[in-house]
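Each chain, written out:
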Amino acid sequence: MGFKYAKRMENIKASEIRELLKLTQRPEIISFAGGLPAPELFPVDDFRKVSDKVLAEKGRIALQYGPTEGYNPLREKIASRMTKVGVKADFNDILIISGSQQGLDFTGKIFLDKDDIVLCESPSYLGAINAFKAYQPKFIEVPTDDNGMKMNELEEIIINNDKIKFIYVIPDFQNPSGRTWSLERRKKLLELSEKYNIPIVEDNPYGELRYDGKIPPAIKGLDTKGNVIFLGTFSKIFSPGIRLGWVCASEEALNKYILVKQGADLQASTISQLQLNQYIEEYSLDEHVDKIKNIYRRRRDLMIDTMKKEFPQDVKFTIPEGGLFTWVELPEHVNTRELAKKAIDNNVAFVPGGSFYPNAGNENAFRLNYSNMDEERIVKGIKILAKVIEEALQCEKSM
Ligand code: PMP
């Protein structure tokens, strides 16, 4: 038809993950590609009971419009749950949104004019990169190591660029790398954010899913001046299908998010909010999260142990202390987009690493998810993958 679409659409490409997920619907595929929770852990029966109760007792509220900020009893529960990641918050600090992905889009809408600069970790979350791209920014990728962004490099970048609007980070069990920031780096990031007056957008879907060690406070928990905008979600601790997340920020910034929420969809689904609120009142979300953690810890251990046994020596991978992902690095000459095609031919899927770098390059890594496949499939899939990698390495050597 050749309609005249907005310029911004030139930047928006189909997400590689979405395309891959379509393939992974085939039952024979062992998928380590998506970031999907284990569906067998969803508390379906309990949720059905609370849903009936909500409709029986509060049906007329549940099916009505509600305030943009969200359903107050749920805002209160979210505020008190924030203590789990070391944040003291009040219900007034919380805006309920339709998944934290919406918070990423809003962040772009609120902060970015064309050619403004976003600082992000290298690599960073593909969904955030795509959401921000709609607002036509430039990305500067800040080098990272096992403890987070490298602070000297970050300060250097800040000093040399004047259009930086925010620093986007995922400090806990990062998507895609599985890495977690040290406390020192969290403090230093906050210090630089205050020194140069640049807000931090802290995206934290996985903070509660820690399998070993102690939870360091979220950067928001160390923030005394309102420099951190925190995005949270129920997707990984309860269910992504209910599409409920939140923004926790200072009054000034939160008001901007409230304004754009009104323009986007008026409010998050009233019925979802009431159902979830009722669930948290009647059941223990803590116990549910513990159950999830126990299963995911086992799956992580199994994936890592199998990789240690099966993968060729020169393949490196992260050992995440929580979350859903491990990040595999191959020798530089291996292209993991090509490798992904071979893996799919052998019925195993993963996401090639290149898409996690907004400025492209870095094609030799890939992301593996361990939450969604059962134990048998994890072992089988990693063994197949090991063979596919071995063949690719052999092939490169003989060329
Ligand atoms: N941020 C990160 C880092 C994620 O991994 C995800 C989901 N994979 C999201 C945000 C979006 O999550 P949701 O919209 O389901 O809350």
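Residues numbered from 1 in each chain as written. Predicted model: local features only at pLDDT ≥ 70, side-chain atom pairs only at ≥ 80, totals over all residues. Heavy atoms only, no water.

(A) The overall build of the protein, seen in detail. Counting secondary structure elements, the protein contains 13 helices and 14 strands. Whereas a compact globule of 399 residues would reach a radius of gyration of roughly 21 Å, the protein reaches 21 Å, a difference of no more than 12%. Each principal axis of the C-alpha atoms in the protein carries an extent, and together these give about 65 × 55 × 55 Å. Within the protein, the proportion of its 399 residues that are buried is 55%. In the protein, once contacts between residues fewer than 6 apart in sequence are set aside, the share between residues at least 24 apart is 75%. For the protein, the exposed area adds up to about 18200 Å²; of that, 49% sits on carbon and sulfur atoms. Separation of charge centres in the protein, based on 56 positive and 58 negative side chains, amounts to 2 Å. (Helix = DSSP H or I, 4+ residues; strand = E, 2+ residues; numbered from the N terminus. Rg over C-alpha atoms; globule rule 2.2 N^0.38 Å. Buried < 20%, exposed > 50% of the residue type's maximum accessible area, 1.4 Å probe, protein only. Contact = heavy atoms within 4.5 Å. Areas by Shrake-Rupley, 256 points an atom, 1.4 Å probe, with all protein chains shown as cover. Lys, Arg positive; Asp, Glu negative; His and termini not counted. Charge placed at Lys NZ, Arg CZ, Asp CG, Glu CD.)

(B) Molecular detail of the sheet that holds strand E10 (residues 316-317). Here four strands make up an open sheet; going across it, the order is E10-E11-E14-E13 and the pairing antiparallel. With one partner strand each, in any of the chains shown, E10 and strand E13 (351-352) form the two edges of the open sheet. Sheet topology note: the strand E11 (residues 325-329)/strand E14 (residues 365-369) ladder contains five bridges and is antiparallel. Bridging from a neighbouring strand, Trp-327 pairs with Arg-367 of E14. In the packing of helix H11 (residues 285-310) onto the sheet, contacts are made with E10, E11 and E14, and the angle to E11 comes to roughly 15°. (Pairing = 2+ DSSP bridges. Axes fitted to C-alpha atoms, helices over the stretch in contact; angles between N-to-C directions.)

(C) Fine view of the pairing of strand E6 (residues 164-169). A large share of E6 lies buried, amounting to five of its six residues. The pairing of strand E3 (residues 117-122) with E6 spans four bridges and is parallel. Looking at E6, one finds that Cys-120 is bridged to Tyr-168. Where E6 and strand E7 (residues 200-203) come together, three bridges link them in parallel fashion.

(D) Fine view of the packing of aromatic side chains. The full count for this structure, using the stated rule, is 13 aromatic pairs. For the ring pair Phe-132 and Phe-166, a centre distance of 5.1 Å and an interplane angle of 70° mean the geometry is edge-to-face. Here Phe-132 is found in helix H5 (residues 126-133), whereas its partner Phe-166 is found in strand E6, with 34 residues between them in sequence. By the burial criterion, Phe-132 is buried, and Phe-166 matches it. Grouping aromatic residues by their ring pairs yields a cluster made of Phe-47, Phe-238, Tyr-279 and Tyr-283. (Phe/Tyr/Trp six-rings, centres within 6.5 Å; stacked < 30°, edge-to-face > 60°.)

(E) Geometry of the domain arrangement of the protein. Split by domain assignment, the protein resolves into domain 1 (9-43 + 287-398) and domain 2 (44-282). For domain 1 and domain 2, the distance between their C-alpha centroids amounts to 25 Å. Taken together, both faces of the contact between domain 1 and domain 2 bury some 3100 Å²; the carbon and sulfur share is 59%. By the criterion of area lost to domain 2, the three top residues of domain 1 are Pro-43, Glu-321 and Pro-358, representing 22% of everything that side buries. Across the salt bridge formed by Glu-321 and Arg-210, the nearest N and O atoms sit 3.0 Å from each other. (Domains from an automatic or database assignment. Buried area = accessible area lost by both parts, 1.4 Å probe. Salt bridge = Lys/Arg side-chain N within 4 Å of Asp/Glu carboxyl O.)

(F) Focus on the nonpolar core. The biggest cluster of nonpolar side chains holds 67 residues, and the ones touching the most others in it are Phe-234, Leu-368 and Leu-385. Apart from residues lying up to four places away in sequence, Phe-234 is in contact with Leu-74, Ile-78, Ser-239, Ile-242, Leu-244, Gly-245, Trp-246, Leu-276, Ile-280 and Leu-285. (Core = buried A, V, L, I, M, F, W, Y, C linked by side-chain atoms within 4.5 Å.)

(G) Main features of the site of the ligand. Inspection of the region around the ligand gives 14 residues, with Ser-100, Asp-203, Tyr-206, Thr-233 and Ser-235 positioned closest. A distance of 2.6 Å separates a nitrogen atom of the ligand from a polar side-chain atom of Asp-203. At a separation of 2.4 Å, an oxygen atom of the ligand approaches a polar side-chain atom of Tyr-206. Coverage of the ligand by the protein amounts to 92% of the 400 Å² it exposes when considered alone. Sorting elements by how many residues they give to the shell around the ligand places helix H4 (residues 100-111) first, with three residues. (Near = heavy atom within 4 Å. Polar contact = N/O pair within 3.5 Å; in protein donor to acceptor, adjacent residues only side chain to side chain.)

(H) Quick peek at the side chain of Asn-277. Here Asn-277 is to be found in helix H10 (residues 270-282). With relative accessibility at 2%, the residue Asn-277 sits in the buried group. Within the local environment of Asn-277, its side chain forms a polar contact with the side chain of Lys-77, the two groups lying 2.6 Å apart. Sequence-distant contacts of Asn-277, that is, excluding residues within four places in its chain, are made with Tyr-71, Pro-73, Leu-74 and Lys-77.

(I) Geometry of helix H9 (residues 251-265). Taking 1.5 Å per residue, 15 residues should reach 21 Å; H9 reaches 21 Å between its end C-alpha atoms and fits that length. Taken together, the buried positions of H9 are occupied by Ala-253, Leu-254, Tyr-257, Ile-258, Val-260 and Lys-261. For H9, the secondary structure elements touched by its buried residues are strand E2 (94-97), H4, strand E8 (228-233) and strand E9 (245-248). Looking at the residues trailing H9, positive phi occurs at Leu-266, about 70°. (Expected span 1.5 Å × (residues − 1).)

(J) Layout of the pattern of salt bridges. For the coordinates displayed, the defined rule picks out 28 salt bridges. In this structure, Arg-81 engages Asp-286 in a salt bridge whose closest nitrogen and oxygen atoms are separated by 3.0 Å. Taken together, the residues Arg-81 in helix H3 (residues 72-81) and Asp-286 in helix H11 connect sequence positions 205 residues apart. Residue Arg-81 is classed as buried on the basis of its relative accessible area, which comes to 14%. Glu-194 is paired through a salt bridge with Lys-225; the nearest N and O atoms lie 3.6 Å apart. Pair noted here: Glu-194 is in helix H7 (residues 183-196) and Lys-225 is in the loop between helix H8 (219-222) and E8, with a separation of 31 residues, a long-range link. Judged by relative accessible area, which is 29%, Glu-194 ranks as partly exposed. Look at the salt bridges and you will find they share partners, linking Glu-40, Arg-298, Arg-299 and Glu-375 into a network.

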